[in-house]
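# Close look at the chain arrangement
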Amino acid sequence: MHLIERIPIPVKEDTSSLERIVTLDFLRGVAILFMTFAHCFYHSYDYSWAIENPELLLAYPKILVGIGVLIAYLGSWNTFFLLISSIVNTYSMTKRIKNGKDAKEVFRKRLLSGIILLFYSYFIDAFGYYGYFGYAIRTGDWSNIYFIWAQMFQISTIQIISLSIIITTIINYYLLRNGKHDNDRKNLFIYGFLALAILVSTQFVHDWVDNMNWEKPTVYPGIVTPVIEPNWPNPYIQAHNASIKTFFLVIIAGHLEPIFPCLATGFIGAMIGIILSNDRPPKKLPLFASLGGLIFIIIGIILIILGLPYSLFDQRPEIPTFIIQLGGQIMVVMLFLRIVEYRGKSEKFANNQIVKHFRLWAIASLSIYWLELVDLFPKWILNIIFAKKIGKNLFEHSLGYGYFTIALGVGAFSFLFYELIVFLWSRVNFKGSFEWFLINLQAIGSKTKSKRLNVKALLNQSKYIVFTEDKQA
């Protein structure tokens, strides 16, 4: 019998991943970096006093109030991550199909990415900061598995991103296959209609789900503070009424970022992605899209003045709040596209050291998001050093009125640990991250491997896309 050696089939590197719209990479990094810092701050800070009695803010120096408002505003932009992800997903799909890639192959890879990300999102929530390990480390109780189950009935940032990728990937496939990718007006109309339909129907869907006969828990688990007269949407009411029906109702109208209204952000992101995929995107896109964002903000403010409900932190977004945030997010994206890609300054912008730092965070942003659990380690150190001496437990929201400056310091100290992790992890090209796993899985079927985790190549050897007439980076 002859021994036959298997010769491994070489996997080619997909250099198309080095063609970047630097604004989107930068803003993705901004989103994950500021979200991380906001989490480091909020994990110990109790801001309920500012909501209940906002005039107390006048006692603080204006600069601190300004910093606090900025953190609060950026920290509430959970759907900004969704907007950028949706732009990138649709842009990449459209561009690949326009360049001759098989639509079915592109569809399968993107759909697989979205499905894997969905499973990943439930896993990290079940065992992350608000899941089993986060609860166990904070309390020392390793026997309580309630939070594994409870997180199955949540809809947070990564879940809505993955669902948006899945839904827009399916829509994109049917809009772009068989040479239909040149019909931008029709495709934009369809996505615009879908976004409007989500926004208009959100209140009806919320009312329908909220008014169902939900059984309310009488006992709350562990460190959870009982809520007076809790109502849907509430994470513990959702878990208490666990069923397949509840699982899907959480997705469409639960706490925290349900499809209604958050999928509208995904659809608007898809519209931007389609427009940017053209060889020469319209020169006036930044102007018209920014005006659209400003109109969203004005409408949101008017709706609040007229008495419509608005939402604050850690709440399901009400329509006025949602469109104010969405309008601001659109305007920020368009501002940077206008001053970078539309002015042909992509390469200069990308090579700026500060911009490079944000781009570094963007490379493995989904994996960094999961590292929220790491924040417990610096809080543990600070608890040992001084927190318990002043009667505070930094594992809880214990720093309230009068502790704002200390809370900023605690947040900054915690954030340094993330900076160190990102720096060290990048030295090995984020090996072992979710993005690394996904890239290697996709390479099995396609025999091509993306270079988007090659940190040195991505930061220093990318081709930066511009939207000027000569199309040169």
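For the structure, check the block above.
Summary of the structure given here. (Residues numbered from 1 in each chain as written. Predicted model: local features only at pLDDT ≥ 70, side-chain atom pairs only at ≥ 80, totals over all residues. Heavy atoms only, no water.)

## Comments concerning the overall build of the protein chain
When you go through the protein chain residue by residue, the secondary structure sums to 21 helices and four strands. What you see for the protein chain is a C-alpha radius of gyration of 23 Å, in line with the 23 Å of a compact globule of 473 residues. With the C-alpha coordinates aligned to their principal axes, the bounding extent of the protein chain is approximately 70 × 65 × 50 Å. Out of the 473 residues belonging to the protein chain, those deemed buried represent 54%. Pairs at least 24 residues apart make up 77% of the contacts formed inside the protein chain by residues separated by at least 6 positions. Working note: accessible area of the protein chain is about 23,300 Å², and carbon and sulfur atoms make up 65% of it. (Helix = DSSP H or I, 4+ residues; strand = E, 2+ residues; numbered from the N terminus. Rg over C-alpha atoms; globule rule 2.2 N^0.38 Å. Buried < 20%, exposed > 50% of the residue type's maximum accessible area, 1.4 Å probe, protein only. Contact = heavy atoms within 4.5 Å. Areas by Shrake-Rupley, 256 points an atom, 1.4 Å probe, with all protein chains shown as cover.)

## Some remarks on helix α11 (residues 244–253)
When we look at burial in α11, the residues that qualify are T246, L249, V250, I251 and A253. Contact partners of the buried residues in α11: α5 (103–127), α8 (157–176), α9 (184–210), α10 (235–240) and α12 (259–276).

## Points about the nonpolar core
Grouped together as the largest cluster of nonpolar side chains are 131 residues, with contacts concentrated most on Y45, L276, V333 and F430. Top contributing element to this core by residue count: helix α1 (residues 22–42), with 14 residues. (Core = buried A, V, L, I, M, F, W, Y, C linked by side-chain atoms within 4.5 Å.)

## Section: the packing of α1 against helix α16 (residues 353–363)
It is the contact of α1 with α16, at a shortest axis distance of 7 Å, that shows an interaxial angle of 75 degrees. Relative to α16, the element α1 is oriented roughly perpendicular. Across the interface between the two elements, V22, D25, F26, R28, G29, V30, I32, L33, F34 and T36 from α1 touch V355, H357, F358, R359, W361 and A362 from α16. Each residue belonging to the contact of α1 with α16 can be placed in one class, and the counts come to ten nonpolar, three polar and three charged. (Axes fitted to C-alpha atoms, helices over the stretch in contact; angles between N-to-C directions. Parallel < 35°, antiparallel > 145°, perpendicular 65-115°, else oblique. Nonpolar A, V, L, I, M, F, W, Y, C, P; charged D, E, K, R; others polar.)

## Some words on the pattern of salt bridges
Here the structure, examined in full by the defined rule, presents five salt bridges. Put simply, R28 and D25 hold a salt bridge, and the shortest N to O gap is 3.3 Å. One end of the pair is R28 and the other is D25, both in helix α1 and three residues apart, which spans about a single turn. According to the relative accessible area criterion, R28 is buried, its value standing at 11%. (Salt bridge = Lys/Arg side-chain N within 4 Å of Asp/Glu carboxyl O.)

## Overview of the side chain of R20
Among the structural elements, R20 can be located in strand β2 (residues 19–20). At 2.8 Å, the side chain of R20 forms a polar contact with the side chain of D25. Excluding anything up to four places from it in sequence, R20 contacts D25, R28, L458, S462, K463, Y464 and I465. (Polar contact = N/O pair within 3.5 Å; in protein donor to acceptor, adjacent residues only side chain to side chain.)

## Overview of the side chain of T246
Note on placement: T246 falls in helix α11. Judged by its relative accessible area of 2%, T246 is buried. Within the structure, the side chain of T246 is placed 3.0 Å from the side chain of S243, a separation counted as a polar contact. Beyond its immediate sequence surroundings of up to four residues, T246 is in contact with F153, W214, W232, Q238 and N241.

## Overview of helix α14 (residues 319–339)
The terminal C-alpha atoms of α14, which comprises 21 residues, lie 30 Å apart, in line with the 30 Å expected from a rise of 1.5 Å per residue. For α14, a buried count of 16 out of 21 residues is recorded, marking the element as mostly surrounded by other parts of the structure. (Expected span 1.5 Å × (residues − 1).)

## Remarks on a nonpolar patch on the surface
A cluster of nonpolar side chains, contributed by L287, F288, L291, L294, I298, I302, L306 and L308, occupies part of the molecular surface with about 750 Å² of accessible area. Within the element layout of this structure, I302 appears in helix α13 (residues 285–305). (Patch = residues over 30% accessible without salt bridge, like charges linked within 9 Å, V, L, I, M, F, W, Y side chains within 5 Å.)

## Some details on the packing of aromatic side chains
Per the stated rule, a full pass over the model turns up 36 aromatic pairs. Seen in terms of ring centroids, Y132 and F133 are 5.2 Å apart; in terms of plane orientation they differ by 65 degrees. Their pairing is edge-to-face. Judged by its relative accessible area of 35%, F133 falls in the partly exposed class. Ring-pair connections join several aromatic residues into one group, and the members of that group are F41, Y42, Y45, Y47 and F404. When the ring centre of Y129 is taken as origin, the NZ or CZ atom of R138, which lies over that ring, is 4.6 Å away. (Phe/Tyr/Trp six-rings, centres within 6.5 Å; stacked < 30°, edge-to-face > 60°. Lys NZ or Arg CZ within 6 Å of the ring centre and 35° of its normal.)

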